[in-house]
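Overview (structure and organization)
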Amino acid sequence: MKKIILLTLILAISVLSGITIIQANENPEELNITLNITGINVERGAGALIYYDKTSYKNGKSPANGWGYEVSVNKDGYIVEVSSNVSGLIDGFILSGHGDNKTALMKLAVGDKVIVDLSTKKATITRTFKESMFAKAKINYDKAVLIYEESENLCIDYDKEEVERVFEEITTSYELISKLSSKETLTDDDRNLLIENVGLIAKDYEKLIYLTSPTSNIDLRAVWHRPRSCAIDENTLDGVKTFLKRVKECGFNVIFLETYWNGYFTGVSEIVDTHPRVRNLNMGEYGNDYLKAFITEAAYLGIDVHAWCHTFNAGSTSYLSNNIKEEWLLETYTGVKLHPNEYSGAYYLDPSNDEVISYMANIYIEMMENYDFKGLQLDYIRYWDNDFNQTPYRDSGYGELSENKFLRETGLSGDVKEIVKTVSGREKWNAWRCENITKAVEKLSSAVKSVNKDLIVSAAVVSNPNQAKSTYMQDLQKWAKNGYIDLFCPMIYTGSVDQVERFTLELVSLVNEMSFVSSGIAPLYYGYSNETNHAQMVCGTINSIGTSYFASHNIFTSKGELTEAESSIINGVYRNNAVNPLTINIQEVLDVYYNSLESILNRAKDKENISDITTLQSIIDSAKQILPSSPKEYNDIITQLGVLKVYSSIIEDENIKNEFIKLLDEMSHYLNVKINRYLTDNKLWNPATEQRPNLNDLLKPNDYPVDTPTTPPASPSEDGCTKGLLNVIGCLVMTLCILITFRKIKKY
């Protein structure tokens, strides 16, 4: 289950602890800089440095967006937190910078001293070896104490013995540092000892964060992967196996494998060429088929593979497939086909071109038929971005075919590039392009589902729904309302944990239980710390069905030993096994939920916070008796969960009761989404034109298509002896049952 703790408690710890951990190798050099404060308790603009105190905090946090950098300072003037969005102490303040001031703040560290003169609007930051090192040690020690003391109340599963051991190490190091602090002068040995133990406290404090973080037994743990992009060599079958083993050890259960990209295919196709990156690899028993090897070996480990497809991104100057026709390519407003970006440019296919849509649909159908994917992800399912405030306009969608089609379908006439200069013309242009993308999503989703209705259709989308629609022509709400998408992965690529939470919850609300949502994050890709990485993964686990991580090459950066990123994930939010909530075996998911509910009740009983669990247990038992064979049965289970929620008032401990209620809400949300997906996938409901039918008026359970549970295939090493042994055991059991039955018949 999702071991939910109160977000306010997480934030309270964050206030004292900070997102960034003091690293052992931090440079202890001295520092003395002065920055000009450009505003006090006002909105932060471009290039600004703003001072915020408690009068401006928003839920205890900085009110600024996540595109700058900030430091939080305590009442003694020491920096206690550095990140994109920091928490503010009531008796402290925050400095929030953007542009050059962001760069300046990124040079600061926890333990630096900050003196602010609001009359002159000056902030002076100093760092001296002895003072800063002692300050760092105390700040991290105090944070560790807080986490240790609160761990008993967090309602999470963790290794208590390991937490005790780590905290004892921290205490021992801090006692040694305290003795050193009493010395007026430090010898070279003292300095080295101080550096070593300050680093040990920081490292162990970091471990405490991971060991006591929320975790979940039902969690989508996905990672985006480009073939041969990591330090682990995938040029051979052994290399692919090694990579997948590391992915499994890290706790991921889904891989979004880059399958259609640059206009090429990762596998073997009769429609499109194989990507040059994987074309001539020797995959042993799989021949030259990297894709077949990858999917099959992943299945042996219980990892689902989804085809990650760059739908309308046709390639670049480095890669442009011969399968792409010149007339399919869009032009920018300035008339060029190579759209500028940070990767030297990209070509885009025309979403209004019916031939393009048919081409993509045929590719997707072929790959779903020929390879054992569990789903397909639509990425680059959009137009290039736009900026009509720029001169010349930054915009795309132009070309003879698309412009003529726009004029014909809107009834307008004239030069399209002149039409978009007016507000009304631009609105029609955007609405037309937005509808093109929506139609493409509908057709491509239907194409995938035509192969197998249980295939998961996901979409990697812009994180802000308003920006997605106005800039990239993605109408996320309409896609969800019409039932086209099973899973949304908003790409919330920022250093701010708050923004990950906000955009995730906004999209969860927007799709209104028509789809699942998984927080897409990329902190390491953009240079943020392992601590920020961990905090964002926790945020995804708490607020959605799990995290989609971009990308594998930022985690698996070593051929041999585990990386720091891997260790933080393994020891932290993925330290337990988790069921993938996207599995078609709903009973498997429900069983984990039921076990988690019972675990909470037993914890309450052990702490004597509930007099009798019989009533609640009997309701759970009643829910267990309902076979989840149709939407009606899903809804019957939801009804039982509602009864449980009413009776949860008998749990006296508020933390435990809140955890119990939140798990019930999560379980109900899961079932409601499954109801809506079931009805649309089985064509029992067209949400675009109809109200959801009364579940009691639908077919009988036996008339529904049956979800057949799937299990990972046995690996080659298990196919022989293990399978034979199981057959022998099965035969013996059957024989024994027949003999017992015969004896009973004979007796009577």
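Quick look at the structure, then. Since this is a predicted model, take the numbers as computed values, not measurements. (Residues numbered from 1 in each chain as written. Predicted model: local features only at pLDDT ≥ 70, side-chain atom pairs only at ≥ 80, totals over all residues. Heavy atoms only, no water.)

**Description of the environment of Val589**
In plain terms, the rule: Helix and strand assignments follow DSSP, with helices taken as H or I runs no shorter than four residues and strands as E runs no shorter than two, numbered in order from the N terminus. For each residue, the accessible area found with a 1.4 Å probe, counting protein chains only, is set against the maximum for its type, and the residue is called buried under 20%, exposed over 50%, and partly exposed in between. By definition, residues are in contact when any of their heavy atoms lie within 4.5 Å.
Residue placement: Val589 occurs in helix H17 (residues 586-606). Note on Val589: relative accessible area 0%, which makes it buried. Considered as a pair, Val589 and Asn217 are 372 residues apart in the sequence and their alpha carbons are 9.2 Å apart. Setting aside chain neighbours within four positions, we find Val589 in contact with Ile218, Val579, Asn580, Pro581, Thr583 and Tyr670.

**Some points on unusual backbone geometry**
Cis rather than trans, the peptide bond between Thr391 and Pro392 has omega equal to -10°. By the element assignment, Pro392 lies in the loop between strand E16 (375-379) and strand E17 (396-398). At the junction of Phe550 and Ala551, the peptide bond is cis and its omega measures out at 0° in the coordinates. With respect to the element layout, Ala551 can be found in the loop between strand E22 (546-549) and helix H16 (564-571). The phi dihedral of Asn41 falls on the positive side, at around 55°, and the residue is not glycine. In this fold, Asn41 is placed in the loop between strand E2 (39-40) and strand E3 (49-52). With a relative accessible area of 26%, Asn41 lands in the partly exposed category. At Asn512, a residue that is not glycine, the phi angle is positive and equals roughly 55°. Within the secondary structure, Asn512 sits in the loop between helix H14 (497-511) and strand E20 (516-517).

**Structural notes on the sheet that holds strand E1 (residues 31-36)**
Keep this limit in mind: Strand pairing is defined by DSSP finding a minimum of two bridges between the two strands. Axis definition: a line fit to C-alpha positions, over the contact stretch in the case of helices; interaxial angles, taken between N-to-C directions, run 0 to 180 degrees.
Within the open sheet, the three strands sit side by side as E1-E8-E7. Their pairing is antiparallel. This sheet does not close on itself; its edge strands, each paired only once, are E1 and strand E7 (113-117). On average, adjacent strands in this sheet sit at an angle of 15° to one another, irrespective of strand direction. Across five bridges, E7 lies against strand E8 (residues 122-127) in antiparallel orientation. Residue pairing across strands places Asp117 opposite Lys122, the latter belonging to E8.

**Let's talk about the pattern of salt bridges**
Cut-off, in case you're wondering: The salt bridge definition used is simple: a Lys or Arg side-chain nitrogen within 4 Å of an Asp or Glu carboxyl oxygen.
Under the definition given, this model contains 31 salt bridges. Two residues, Lys138 and Asp142, come together in a salt bridge whose shortest N-O distance is 2.8 Å. One end of the pair is Lys138 and the other is Asp142, both in helix H3 (residues 129-150) and four residues apart, which spans about a single turn. In this structure Asp142 comes out as partly exposed when scored by relative accessible area, which is 34%. Across the pair Arg246 and Glu566 runs a salt bridge, and its minimum N-O distance is 2.9 Å. Of this pair, Arg246 sits in helix H6 (residues 237-250) while Glu566 is found in helix H16, placing the two residues 320 residues apart along the sequence. For the residue pair Arg246 and Glu566, the accessibility class agrees, reading buried in each case. Overlapping salt bridges bring together Lys449, Asp486, Arg677 and Asp681 as one network.

**Description of the sheet that holds strand E5 (residues 79-83)**
One open sheet accounts for five strands, arranged E2-E3-E6-E4-E5; its pairing is mixed. Two strands bound the open sheet, and with one partner strand each, they are E2 and E5.

**What about a negative patch on the surface?**
Quick note on the threshold: Each patch groups residues whose relative accessible area exceeds 30% and which form no salt bridge, using 9 Å between like charges and 5 Å between nonpolar side chains of Val, Leu, Ile, Met, Phe, Trp and Tyr. Note that accessible areas follow from Shrake-Rupley with a 1.4 Å probe, and for residues the cover is restricted to the protein chains shown. Under the counting rule used here, the positive set is Lys and Arg, the negative set is Asp and Glu, and His together with the chain ends is not counted. Charge positions come from single atoms, namely NZ of Lys, CZ of Arg, CG of Asp or CD of Glu.
A contiguous patch of negative charge on the surface is contributed by Asp159, Glu161, Glu164 and Glu168. Residue placement: Glu164 occurs in helix H4 (residues 160-181).

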